[in-house]
Amino acid sequence: MKLVTKTIANRVKWVLQEVIDVEQSAFVHGRLIIDNALISLECFHWMKKKTKGKKGVMVLKLDMSKAYDRVEWDFLLGVIEAIGFPISMVQVVSKCVKTVKYQVLINCQPSSIVSPERGLWQGDHLSPYLFVSCANVYQESSGQMVNLDNLEALFNRNVVDSDKDTILNGMGVKTVEAHSRYFGLSTLFGRSKKAIFSQVIDKVWKKVKGWKEKVLYRAGKEVLIKFVVQAIPTYVMGCFKLCEDYCKEIESLLSRFWWGSSIEEKIIHWVSWSKMAKAKGLGGMGFRGISDFNVSLLWKHYWRLLTGSSSLLEHVFKIRYYPRTYLLDAKLGYTPSYAWRSILGVMELVNSGARWRIRNGQRVNRLKDN
């Protein structure tokens, strides 16, 4: 079954980017789920800075309750057929999702066979593409249900209290002064980044401290560092530039774990982390340099904006920071967000390795470009 769903998924993913709205970034080829986080953080930053004018702004945070489990199969098949997939493909998908059966042990005896009528298997290759096809529909049609317990409303300073009370009482939601976290990222950024980035260091330390260095051999430590610990700050580093001090502190924690150092016992680190972060073919261990990896993730966003990926993230940043020019000529602008500062910080690195290629000539300034 996995081979069949993987084959279907490889065919479907190339079509979804043409039929799924640009607002949906997850599970669509050519788009990144982190785009949603960057757009949301940009909106929060704009709301925080908007203090003039009589027009108020509200953000409503929604949470779908058991989203995968509530997808109705008949509705799902109707959606993919309406999208334009051939009947043969719809029938194959129907066989994949409807073949599941359940039995429950009651007093150590299996019950009669239960045939479900909804739900997608999380972890299957095809499930994300099927779910995203049904994501932008009403709950009465798809079977989705909003989790009212996690419903939150955020107002900016321009909204008067009477309007707030009317909206909150009518919708039955709670208000917050600020969403502390969104997509696992902090939405509160001030001049000091210590309180925010220190959470990343704490997560790394808790993960490393949970393993006894004497239990794991070198191979086990290598796997743990490469595929578990170094993946913890990836999501944050894909949005923000970590300070060099925090990058060095993370590398110090990993180095201490590798060599077996602890608070009570100091052990000599025979090789520096900078040498261990080199590729194995160059004499290193293939670990990631945290600062270099951070820059490479931000570089990826800058390159997508530069090459014109036509994503929603590109439209938001262009309207906000460089509406009348191109990214190569973009400036920080007025009250920029920390995410935009981080992405624009890799401009010189990208431009140092970029080369001109003349195509239609529309973006070439003959007086300035050379």
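## Overview of the overall build of the chain
- The helix and strand tally for the chain stands at 16 helices and seven strands.
- A buried classification covers 39% of the 370 residues belonging to the chain.
- For the chain, contacts bridging at least 24 residues in sequence account for 66% of all contacts bridging at least 6.
- Roughly 23,200 Å² of accessible area belongs to the chain as shown, and the carbon and sulfur atoms make up 55% of that amount.

## Brief notes about the packing of helix H1 (residues 2–19) against helix H4 (residues 87–98)
- For the pair H1 and H4, interaxial distance at closest approach is 11 Å and the crossing angle is 140°. Crossing hand, H1 versus H4: left-handed. In this structure, H1 uses Val-4, Thr-5 and Ile-8 to contact H4, whose residues at the interface are Met-89, Val-92, Val-93 and Cys-96.
- Residues of the contact of H1 with H4, tallied by class, amount to six nonpolar, one polar and no charged.

## What about the side chain of Ser-291?
- Residue position: Ser-291 is located in helix H13 (residues 290–306).
- Judged by its relative accessible area of 14%, Ser-291 falls in the buried class.

## Quick notes on the environment of Glu-18
- As for its position among the elements, Glu-18 is in helix H1.
- When its relative accessible area of 65% is taken as the criterion, Glu-18 is described as exposed.
- The sequence separation of Glu-18 and His-29 amounts to 11 residues, and the corresponding C-alpha distance is 10.0 Å.

## Notes on the environment of Val-4
- With respect to the element layout, Val-4 can be found in helix H1.
- The sequence separation of Val-4 and Leu-126 amounts to 122 residues, and the corresponding C-alpha distance is 9.3 Å.

## A look at unusual backbone geometry
- Notably, Cys-108 is not glycine yet its phi reads approximately 65°, a positive angle.
- Turning to its location among the elements, Cys-108 is positioned in the loop between strand E2 (105–106) and strand E3 (109–110).
- For Cys-108, a relative accessible area of 69% translates into the label exposed.
- The phi dihedral of Thr-335 falls on the positive side, at around 45°, and the residue is not glycine.

## Things to note about helix H2 (residues 34–49)
- With 16 residues, H2 should reach 22 Å at 1.5 Å per residue; the first-to-last C-alpha distance of 23 Å fits that figure.
- In terms of burial, H2 is largely enclosed, as 12 of its 16 residues are buried.
- Taken residue by residue, H2 has Ile-34, Asp-35, Asn-36, Ala-37, Leu-38, Ile-39, Ser-40, Leu-41, Glu-42, Phe-44, His-45 and Met-47 as its buried positions.

## Brief notes about the side chain of Ser-255
- Topologically, Ser-255 is positioned in helix H11 (residues 244–259).
- On the accessibility criterion, Ser-255 (6% relative accessible area) is buried.
- Polar contacts involving the side chain of Ser-255 include one to the side chain of His-269, which spans 3.0 Å.

## What to know about the sheet that holds strand E5 (residues 174–175)
- If you trace the three strands from one edge of the open sheet to the other, you get E1-E4-E5, paired in mixed fashion. The two strands at the open ends of the sheet, each matched to only one other strand, are strand E1 (58–61) and E5.
- Bridge count for strand E4 (residues 152–155) against E5 is two bridges, and the pairing is parallel. When the sheet's bridge partners are listed, Ala-153 is paired in E5 with Thr-175.

## Quick word on H1
- Across its 18 residues, H1 extends 25 Å between first and last C-alpha, which sits within 8% of the 26 Å expected from 1.5 Å per residue.
- For H1, the principal kink sits at Lys-13 and spans about 35°.
- Along H1, the positions that sit buried rather than exposed are Thr-5, Ile-8, Ala-9, Val-12 and Leu-16.
- Residues of H1 that are buried in the fold lie against H4 and helix H5 (127–133).

## Concerning the packing of aromatic side chains
- Evaluated as defined, the whole model comprises eight aromatic pairs.
- An angle of 10° between the planes, with centres 5.7 Å apart, marks the rings of Trp-299 and Trp-303 as stacked. Of this pair, Trp-299 and Trp-303 both sit in helix H13, four residues apart, which is roughly one turn of the helix.
- By relative accessible area, Trp-303 is classed as partly exposed at 37%.
- One aromatic cluster in this structure is built from Phe-317, Tyr-321, Tyr-322 and Trp-340.
- The ring of Trp-258 has Arg-218 sitting right over it, with the charged end atom 5.0 Å from the ring centre.
- Residue placement shows Lys-221 over the ring face of Phe-257; its charged tip is 5.6 Å from the ring centre.

## Structural notes on the pattern of salt bridges
- Counting across every chain of the model gives seven salt bridges.
- A salt bridge links Lys-98 to Asp-74; the shortest N-O distance between them is 3.6 Å. Here the residue Lys-98 occupies a position in helix H4, and Asp-74 occupies one in helix H3 (residues 73–83), the gap between them amounting to 24 residues.
- Taking the relative accessible area as the measure of exposure, Asp-74 reaches 61% and is therefore exposed.
- With its nearest N and O atoms 3.4 Å apart, the salt bridge here joins Glu-244 to Lys-241.
- With a relative accessible area of 23%, Lys-241 lands in the partly exposed category.

What counts and what doesn't
- Residues numbered from 1 in each chain as written.
- Predicted model: local features only at pLDDT ≥ 70, side-chain atom pairs only at ≥ 80, totals over all residues.
- Heavy atoms only, no water.
- Helix = DSSP H or I, 4+ residues; strand = E, 2+ residues; numbered from the N terminus.
- Buried < 20%, exposed > 50% of the residue type's maximum accessible area, 1.4 Å probe, protein only.
- Contact = heavy atoms within 4.5 Å.
- Areas by Shrake-Rupley, 256 points an atom, 1.4 Å probe, with all protein chains shown as cover.
- Axes fitted to C-alpha atoms, helices over the stretch in contact; angles between N-to-C directions.
- Left-handed = near helix turned anticlockwise from the far one by under 90°.
- Nonpolar A, V, L, I, M, F, W, Y, C, P; charged D, E, K, R; others polar.
- Expected span 1.5 Å × (residues − 1).
- Polar contact = N/O pair within 3.5 Å; in protein donor to acceptor, adjacent residues only side chain to side chain.
- Pairing = 2+ DSSP bridges.
- Bend = angle between axes of the 7 residues up to and from the residue.
- Phe/Tyr/Trp six-rings, centres within 6.5 Å; stacked < 30°, edge-to-face > 60°.
- Lys NZ or Arg CZ within 6 Å of the ring centre and 35° of its normal.
- Salt bridge = Lys/Arg side-chain N within 4 Å of Asp/Glu carboxyl O.

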